[in-house]
Amino acid sequence: MIFVLGATGKVGRALVPALLDAGAAVRALTRDPAKARIDPRAEVVQGDLDTADLPALLDGSDRVFVLTQGHSADREAAVARAAAEAGATHLVKLSTTGVHFGQPDPITRAHAEAEQAIREAGPSWTILRPGAFMDNRFAWRGSIREENAVYVPEGDPASALVHVRDIAAVATLALTTSDHEGATYELTGGEALTTREQVALLSEAVGRPIEYVEEPRSAARARMMREYGWPAEAVDGFFALKEASAGREHVVFDTVERVLGRPPLNFAKWARENAAAFPYPYRG
């Protein structure tokens, strides 16, 4: 049995069906099964990691995919210890490329501490360190719907965005085979694109030009709080992460191709797959 934490997140939504398609038995954790929309082939269990009896929750799980809301090092360390107590033999931790680069921001530090806890828990382990997700571009939906425009902070760097299905595919191999024990994998797409290039590819996919607008950081910060509903500390954390990763987001790792034996999925494909999520602006 493979226990998947974060089953309703960006990676989890791709991982659960990938594991099931590979013939694995999957138990997926969610706080609200009625709203989770998890693949019906999986066993869905309700629980909260902050209040649950973790060893009991993880009982019977041979392998565990570790990803917790907020990337809490303490919470993930507790999960690792409980998994070991419950008899799990392998842990797969979703981390970030920031750890590879030694970034000092709070999110990266939490992942680094959690990685260490996973390594020390007892079961064998695999660490996955993806870069920025293509799915992060869903954040553009609001401004595209309202103004047919994408607003980005000035100086937004080129990024080797990774498709979540590639992350899920690597995680599936790590969770269903023994070939990846003790491995740490940095995961990116196969090319670094500027934000302007990404908007151009999305424009091509939706069949109309989308305006690309750079704005000062102060305006970008206010926009994130207003449109995304993020609290100030979350927005500041985002900018701290961007500053820490400056000059590194463009780095391309060949891990996806080495592990999967095929090129990584590219942003043009992602844009075509998700074009319907960026409809023509509403003209009420």
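These lines cover the structure that appears in this document, whether it is placed above or below. Each residue is numbered by its place in its chain's sequence as written, counting from 1. Note on the predicted model: pLDDT of at least 70 is required for a residue's local features to be given, and 80 or more for side-chain atom pairs to be given and counted; whole-chain, interface and lining totals, by contrast, use all residues. Working from all heavy atoms in the structure, the side-chain values ignore hydrogens and water.

Further remarks concern the environment of Lys-35. Tracing the sequence through the fold places Lys-35 in helix H2 (residues 33-36). In this structure the C-alpha to C-alpha distance between Lys-35 and Thr-8, which are 27 residues apart in sequence, comes to 9.6 Å. A run of H or I in DSSP counts as a helix once it spans at least four residues, and a run of E counts as a strand once it spans at least two, with each numbered from the N terminus.

It is worth spelling out the packing of helix H1 (residues 10-21) against helix H8 (residues 164-176) at this point. Where H1 contacts H8, the two axes come as close as 8 Å, and the packing angle between them is 50 degrees. Here H1 is positioned oblique relative to H8, judged by the angle of their axes. The way H1 lies across H8 gives a crossing that is right-handed. Across the interface between the two elements, Lys-10, Val-11, Ala-14, Leu-15, Ala-18 and Leu-19 of H1 pack against Val-164, Arg-165, Ile-167, Ala-168, Ala-171, Thr-172, Leu-175 and Thr-176 of H8. When its residues are assigned to classes, the contact of H1 with H8 shows 10 nonpolar, 2 polar and 2 charged. Axes here refer to lines fitted to C-alpha atoms; in helices the fit is confined to the stretch in contact. Angles between the N-to-C directions go from 0 to 180 degrees. Small angles under 35 degrees read as roughly parallel and large ones over 145 as roughly antiparallel, with 65 to 115 read as roughly perpendicular and the rest as oblique. Left-handed describes a crossing in which the near helix is turned anticlockwise from the far one by less than a right angle; the clockwise case is right-handed. Two residues qualify as a contact provided that any one of their heavy atoms is within 4.5 Å of a heavy atom in the partner residue. Amino acid classes used here: Ala, Val, Leu, Ile, Met, Phe, Trp, Tyr, Cys and Pro are nonpolar; Asp, Glu, Lys and Arg are charged; the rest, including Gly, are polar.

Moving on, we come to the packing of aromatic side chains. Under the pairing criterion, centres of Phe, Tyr and Trp rings, with the six-membered ring standing for Trp, must be within 6.5 Å; the plane angle then separates stacked pairs below 30 degrees from edge-to-face pairs above 60, leaving the rest tilted. Across all of its chains, the model carries 5 aromatic pairs by this definition. Their ring planes at 45 degrees and their centres at 6.1 Å tell us that Phe-101 and Phe-253 sit as a pair that is tilted. Taken together, the residues Phe-101 in helix H5 (residues 97-101) and Phe-253 in the loop between helix H11 (232-244) and helix H12 (255-260) connect sequence positions 152 residues apart. Using a 1.4 Å probe on the protein chains alone, a residue whose accessible area is under 20% of its type maximum counts as buried, one over 50% counts as exposed, and one in between counts as partly exposed. You can call Phe-101 partly exposed: its relative accessible area is 23%. Judged by its relative accessible area of 18%, Phe-253 is buried. Their ring planes at 55 degrees and their centres at 5.0 Å tell us that Phe-138 and Trp-270 sit as a pair that is tilted. Of the two residues, Phe-138 sits in the loop between strand S6 (124-130) and helix H7 (141-147) while Trp-270 sits in helix H13 (residues 267-273), which places them 132 residues apart along the sequence. As far as the burial class goes, Phe-138 and Trp-270 line up, both buried. Among the aromatic residues, those joined into a cluster by ring pairs are Phe-138, Phe-267, Trp-270 and Phe-278.

Turning to the sheet that holds S6, a few remarks are in order. Across the sheet, which stays open at both edges, the 7 strands sit in the order S3-S2-S1-S4-S5-S6-S8 with parallel pairing between neighbours. Two strands in the sheet have a free side with no partner beyond their single neighbour: strand S3 (43-46) and strand S8 (184-187). Across this sheet, the average inter-strand angle for adjacent strands is 20 degrees, counted without regard to direction. Sitting on the sheet, H1 touches strand S1 (2-4), strand S2 (26-30), strand S4 (63-66) and strand S5 (90-94), and the angle it makes with S1 is about 165 degrees. Strands S4, S5, S6 and S8 of the sheet are contacted by helix H6 (residues 106-120), whose axis makes an angle of about 160 degrees with S6. We call two strands paired when DSSP finds no fewer than two bridges between them.

Quick look at the nonpolar core now. Joining through side-chain atoms within 4.5 Å is the link that ties buried Ala, Val, Leu, Ile, Met, Phe, Trp, Tyr and Cys residues into a set, and such a set is a nonpolar core. One finds Val-4, Leu-15, Val-16, Leu-19, Phe-65 and Leu-128 to be the most contacted residues of the largest nonpolar core, which totals 34 residues. Mapped onto this core, the elements with two or more residues apiece are S1, H1, S2, S5, H8, S8 and H12. The element that contributes the greatest number of residues to this core is H8, accounting for 7 residues. Not counting residues within four places of it along the chain, the set of residues in contact with Leu-15 comprises Val-4, Phe-65, Ala-168, Ala-171, Thr-172 and Leu-175.

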